[in-house]
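# Residue-level structural notes
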Amino acid sequence: MAFGTESDEVSHTPEIYKDPDDGRQRFLLELEFIQCLANPTYIHYFAQNRYFEDEAFIGYLKYLQYWQRPEYTMFIMYPHCLFFLEQLQNANFRKAMAHPANKELAYRQQFYSWKNYRHNRLKYISPRLLPEPEAAPPASAALPLQSNRKRSFTMSF
């Protein structure tokens, strides 16, 4: 047996990991987690179970901020989750969500936002009705003759 042949040499180049589904599974898991953040009770659960004291979890929440970019927001069905994700970057908010009263306050405010969304939105959008098309005169009607002289308009009171 000869040493140093090509078949005996071991390659020390690291293999690059290739995701079998091109990140689809990770995308769906992160999307599901992000959308669960729209539920104040879920956030309260994290606070009660001290997830917010774990630096790795806080780092994960910071990592998830990429979901606020337009190319990702188009997949989100519950936009309140992005608001809560932004608020979870603040330590005071994380601490406050441990209290049941704050959870209920967030829940109520979210409910009223959903309840009045259409009304609030329409209040700032002035409805502009399109003018109704005027009825075209019948083709047999003769066009009035126009004179070349200027018409003067007088107003009488």
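Anything mentioned here points back to the structure above.
What this report covers is the structure whose coordinates are included nearby. On a predicted model such as this, the values are computed, not experimentally measured, just so you know.

## Focus on unusual backbone geometry
With phi around 60°, arginine 50 is a residue other than glycine that occupies positive phi space. Relative to the elements of secondary structure, arginine 50 occurs in the loop between helix H2 (40-48) and helix H3 (55-63).

## Brief notes about the pattern of salt bridges
Two side chains bearing opposite charge may form a pair once their charged atoms approach each other closely. The full count for this structure, using the stated rule, is three salt bridges. The closest approach of N and O atoms between arginine 26 and glutamate 30, which form a salt bridge, is 3.1 Å. Taken together, the residues arginine 26 and glutamate 30, both in helix H1 (residues 24-36) and four residues apart, mark about one turn of the helix. Here arginine 69 makes a salt bridge to glutamate 71, at a shortest N to O gap of 3.0 Å.

## Structural notes on the packing of H1 against H3
It is the contact of H1 with H3, at a shortest axis distance of 12 Å, that shows an interaxial angle of 100°. The angle between the axes of H1 and H3 places the two elements in the roughly perpendicular class. Along its contact with H1, which presents Arg26, Glu30 and Phe33, the element H3 presents Phe57, Tyr60, Leu61 and Tyr63. Class assignment of the residues belonging to the contact of H1 with H3 gives a composition of five nonpolar, no polar and two charged.

## Focus on the layout of surface pockets
The space that makes up the largest pocket amounts to roughly 180 Å³. Taken together, His80, Phe83, Phe84, Phe93, Ala96, Met97, Asn102, Leu105, Ala106, Gln109, Gln110 and Ser113 make up the lining of the largest pocket. Put simply, the parts of the chain that give the lining of the largest pocket at least two residues each are helix H5 (80-87), helix H6 (91-96) and helix H7 (100-115). Among the elements that make up the lining of the largest pocket, the one with the highest residue count is H7 (six residues).

## Side note on H3
Considered for burial, the residues of H3 that qualify are Phe57, Ile58 and Leu61. Down the axis of H3, the smallest arc covering the buried residues is 100°, so these residues share one side. More than 90 degrees from the buried face of H3, the exposed residues found are Glu55 and Ala56. Contacts made by the buried residues of H3 are with H1, H2, H5 and H6. Where H3 begins, the side chain of aspartate 54 points an oxygen toward the backbone nitrogen of alanine 56, at a separation of 3.2 Å.

## So, H1
One full turn of an α-helix is made of 3.6 residues, so residues set three or four places apart face in the same direction. Look at H1: 18 Å from first C-alpha to last across 13 residues, which is about the 18 Å you get at 1.5 Å a residue. Restricting attention to buried positions, one finds in H1 the residues Glu30, Leu31, Phe33, Ile34 and Gln35.

## Brief notes about the nonpolar core
In terms of nonpolar packing, the biggest core is built from 24 residues, with Ile34, Leu37, Phe52, Leu61 and Trp67 touching the most fellow members. Of all the elements in the fold, those that place two or more residues in this core are H1, H2, H3 and H5. Setting aside anything within four residues of it in sequence, one finds leucine 37 in contact with Tyr42, Ile43, Phe46, Leu61, Cys81, Phe84, Leu85 and Leu88.

What counts and what doesn't
- Residues numbered from 1 in each chain as written.
- Predicted model: local features only at pLDDT ≥ 70, side-chain atom pairs only at ≥ 80, totals over all residues.
- Heavy atoms only, no water.
- Helix = DSSP H or I, 4+ residues; strand = E, 2+ residues; numbered from the N terminus.
- Salt bridge = Lys/Arg side-chain N within 4 Å of Asp/Glu carboxyl O.
- Axes fitted to C-alpha atoms, helices over the stretch in contact; angles between N-to-C directions.
- Parallel < 35°, antiparallel > 145°, perpendicular 65-115°, else oblique.
- Contact = heavy atoms within 4.5 Å.
- Nonpolar A, V, L, I, M, F, W, Y, C, P; charged D, E, K, R; others polar.
- 1 Å grid on protein atoms, 1.4 Å probe; cavity = no way out; pocket = protein on both sides within 12 Å on 5 of 7 lines; lining within 4 Å.
- Points joined across faces, edges and corners; volume = space filled by probe spheres on them.
- Buried < 20%, exposed > 50% of the residue type's maximum accessible area, 1.4 Å probe, protein only.
- Arc of directions from axis to C-beta.
- Polar contact = N/O pair within 3.5 Å; in protein donor to acceptor, adjacent residues only side chain to side chain.
- Expected span 1.5 Å × (residues − 1).
- Core = buried A, V, L, I, M, F, W, Y, C linked by side-chain atoms within 4.5 Å.

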